[in-house]
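Secondary and tertiary structure notes
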Amino acid sequence: MSSLPFTAAGDAPAERRYDPRYDPLVAPDPGAGRAYAPTWWVASAGTPPADDGPVRGDVDADVVVIGAGATGMSTALYLAQEHGIAAVVLEANQSSWGCSSRSGGQGQNASGRLKRSQWIARWGLDTARALDREIRTGFENFAGLTREIDCDAYDGGHLYVAHRPEKMDYLRAESRVMNEQFGYRTRMLTPGQIHEEFCGEREAAGAMWEEHGIGIHPLKFTFGLLRRARALGVKVHPASPVQGWETIAGVHHLRTPGGTVRARRVAVCTGGYTGQQLHPLLRNKIMPILSNSVVTRELTAAEMAACGVRNETFLTDTRTLRFYYRFLRGNRLQLGSRSAVTGADAEAPEHLKLLTDAIARKFPPLAGIQIDHSWWGWVDVSHDMMPRITRPDPAQTIWYAVGYGGNGVSFSTWAGKRLAQRVTGQDAERAVFSLPIYDGPLEYPNAFGVVRSPLLAPFRRIGQRALYKWYWLRDEK
């Protein structure tokens, strides 16, 4: 059993309270044993599963997994289930503390920021089709897990909403690509059809519906992975951040507050919470982006009817800095979008207003509604907008799976399965590992897609601020 009590944002001792200003580009580590963010998922997940408490003394392990979110726990689960390896999982704060307790829970048939038409443009049709088969297989694996784990899963597809009439041509083009080149059965909907079949989203000028999409309670889901992994002998240690990393004669010495963990192999699954000091192989390779989310109070039957709610199918819109939203089990609305550029600015009221204004536009009957839960979290965006599940340096026994760009809810579990195969050397003769998401390390920042260099890293947030202004002008004006 864990020696740490389950703590929400305001319950913990001062040194373990939730830090809303945490910023992975600035902080040396995420803290040790900090409370969860005040999310709806934390409030409604029930008691967390047992863990093994913080590291106490020095430990030897065959494989260490860093990060106890969906990627880390699925990696540990598949290492045990398919390869007979009971890994040691090191978590800085509490189990599933990062993305897995803060995301929108939208399990899409996707990974990374690029659409399938962009895959074709970047790598050609043959590679794009192979990548589609891989990510679709991952989605099917995720779908199977949602049927086995109690996570409030709703298999209703995904509604991609045009927030302006001009965006309908873009959606029609994407629909044609998906149907004609990849064999999907998307369909285009009018505003009337959206209201008749899904909900009364008043901003929608139309939409593309795709059948592959499962909304989940992400924390219940990851807790389910954790229970399964521990049942197979996996050790999960919260409040055990890696605060120093030295490799001696091929053995990794991972220093935590409670002792040093020595391992032959290390799998890094830290997502948007990957700190700059963790390891040189990851420094300046991930751009953490803040995303805000809110959940309303419980809606009355009259409010649900006024919003025309037909089901729990999730929606995203066509803004570059997209809104993602859905009506949850229990009659609440969840909605999220982009947030501040830095952790220091995360609490500024304009970021919450962005979301409450969107609720008023999209669902006018809910204008001014009480917000019961408001939080933010870091999304792991790679500099070429696609994830990597790889061994970045063949000379070092280190692997990572990061860079989902906000589309990791479903693919993270498949990434964990593939990462387990790579850590155990089962990837040598698999053709799938020649795909771009497996073949090669994460890239350094780039200038206009031409020059790539770690020297550009200090300027990334200057560029981010400028891009946010440009995106707003393009999307709203």
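Refer to the structure printed above.
To start, this report covers the structure provided alongside it. (Residues numbered from 1 in each chain as written. Predicted model: local features only at pLDDT ≥ 70, side-chain atom pairs only at ≥ 80, totals over all residues. Heavy atoms only, no water.)

Attention shifts here to the overall build of the chain. For the chain, the count of helices and strands is 11 helices and 21 strands. The C-alpha radius of gyration of the chain comes to 21 Å, within 12% of the 23 Å expected for a compact globule of 477 residues. Across its three principal directions, the C-alpha atoms of the chain cover 65 × 50 × 45 Å. Out of the 477 residues in the chain, the part that is buried amounts to 60%. Accessible surface, the chain as shown: approximately 18500 Å² in total, 51% of it carbon and sulfur. (Helix = DSSP H or I, 4+ residues; strand = E, 2+ residues; numbered from the N terminus. Rg over C-alpha atoms; globule rule 2.2 N^0.38 Å. Buried < 20%, exposed > 50% of the residue type's maximum accessible area, 1.4 Å probe, protein only. Areas by Shrake-Rupley, 256 points an atom, 1.4 Å probe, with all protein chains shown as cover.)

What follows deals with the environment of Trp375. Mapped onto the elements of the fold, Trp375 is located in strand β17 (residues 371-382). Judged by its relative accessible area of 0%, Trp375 falls in the buried class. For the pair Trp375 and Val294, spaced 81 residues apart in the sequence, the C-alpha separation amounts to 6.5 Å. Beyond its immediate stretch of four places on either side in the chain, Trp375 contacts Pro38, Thr39, Trp40, Trp41, Arg102, Ser103, Ser291, Asn292, Ser293, Val294 and Val295. Among the polar contacts listed, one links the side chain of Trp375 to the backbone oxygen of Arg102, at a separation of 2.8 Å. (Contact = heavy atoms within 4.5 Å. Polar contact = N/O pair within 3.5 Å; in protein donor to acceptor, adjacent residues only side chain to side chain.)

On to the side chain of Ser111. Residue position: Ser111 is located in the loop between β3 (106-108) and α3 (116-123). Residue classification places Ser111 among the buried positions, given a relative accessible area of 1%. Contacts of Ser111, omitting those with residues within four sequence positions, involve Ile135, Met386, Pro387, Tyr404, Asn407 and Phe411.

Glancing now at the packing of α3 against helix α4 (residues 125-148). Contact geometry for α3 and α4: axes closest at 7 Å, N-to-C directions at 135°. Taken as axis vectors, α3 and α4 run oblique relative to one another. Of the two elements, α3 crosses α4, and the hand of that crossing is right-handed. Side by side, α3 and α4 meet where Arg116, Trp119, Ile120 and Trp123 of the first sit next to Leu125, Thr127, Ala128, Leu131, Asp132 and Ile135 of the second. Its residues assigned to classes, the contact of α3 with α4 shows seven nonpolar, one polar and two charged. (Axes fitted to C-alpha atoms, helices over the stretch in contact; angles between N-to-C directions. Parallel < 35°, antiparallel > 145°, perpendicular 65-115°, else oblique. Left-handed = near helix turned anticlockwise from the far one by under 90°. Nonpolar A, V, L, I, M, F, W, Y, C, P; charged D, E, K, R; others polar.)

Strand order in the open sheet formed by three strands is β3-β8-β4, and the pairing between neighbours is antiparallel. Each having just a single partner strand, β3 and β4 (154-155) make up the two edges of the open sheet. α4 contacts β3 and β8 (213-215) of the sheet and is inclined by roughly 35° relative to β8. (Pairing = 2+ DSSP bridges.)

Bringing the packing of aromatic side chains into the picture now. Going through the model one piece at a time under the given rule, you end up with 10 aromatic pairs. Ring geometry for Tyr325 and Phe363: centres 6.3 Å apart, planes at 75°, overall edge-to-face. One end of the pair, Tyr325, is in strand β15 (residues 324-328); the other, Phe363, is in the loop between α9 (349-362) and β17, with 38 residues separating them in the sequence. We classify Tyr325 as buried; its relative accessible area is 0%. Looking at Phe363, the relative accessible area reads 0%, which means it is buried. Taken together, a centroid distance of 5.0 Å and an interplanar angle of 70° make the contact between Phe433 and Tyr438 edge-to-face. Given a relative accessible area of 6%, Phe433 falls into the buried group. Judged by its relative accessible area of 1%, Tyr438 falls in the buried class. One aromatic cluster is present, formed by Tyr22, Trp97 and Tyr273 through successive ring pairs. The ring of Tyr170 has Lys167 lying over it, and the distance from NZ or CZ to the ring centre is 6.0 Å. (Phe/Tyr/Trp six-rings, centres within 6.5 Å; stacked < 30°, edge-to-face > 60°. Lys NZ or Arg CZ within 6 Å of the ring centre and 35° of its normal.)

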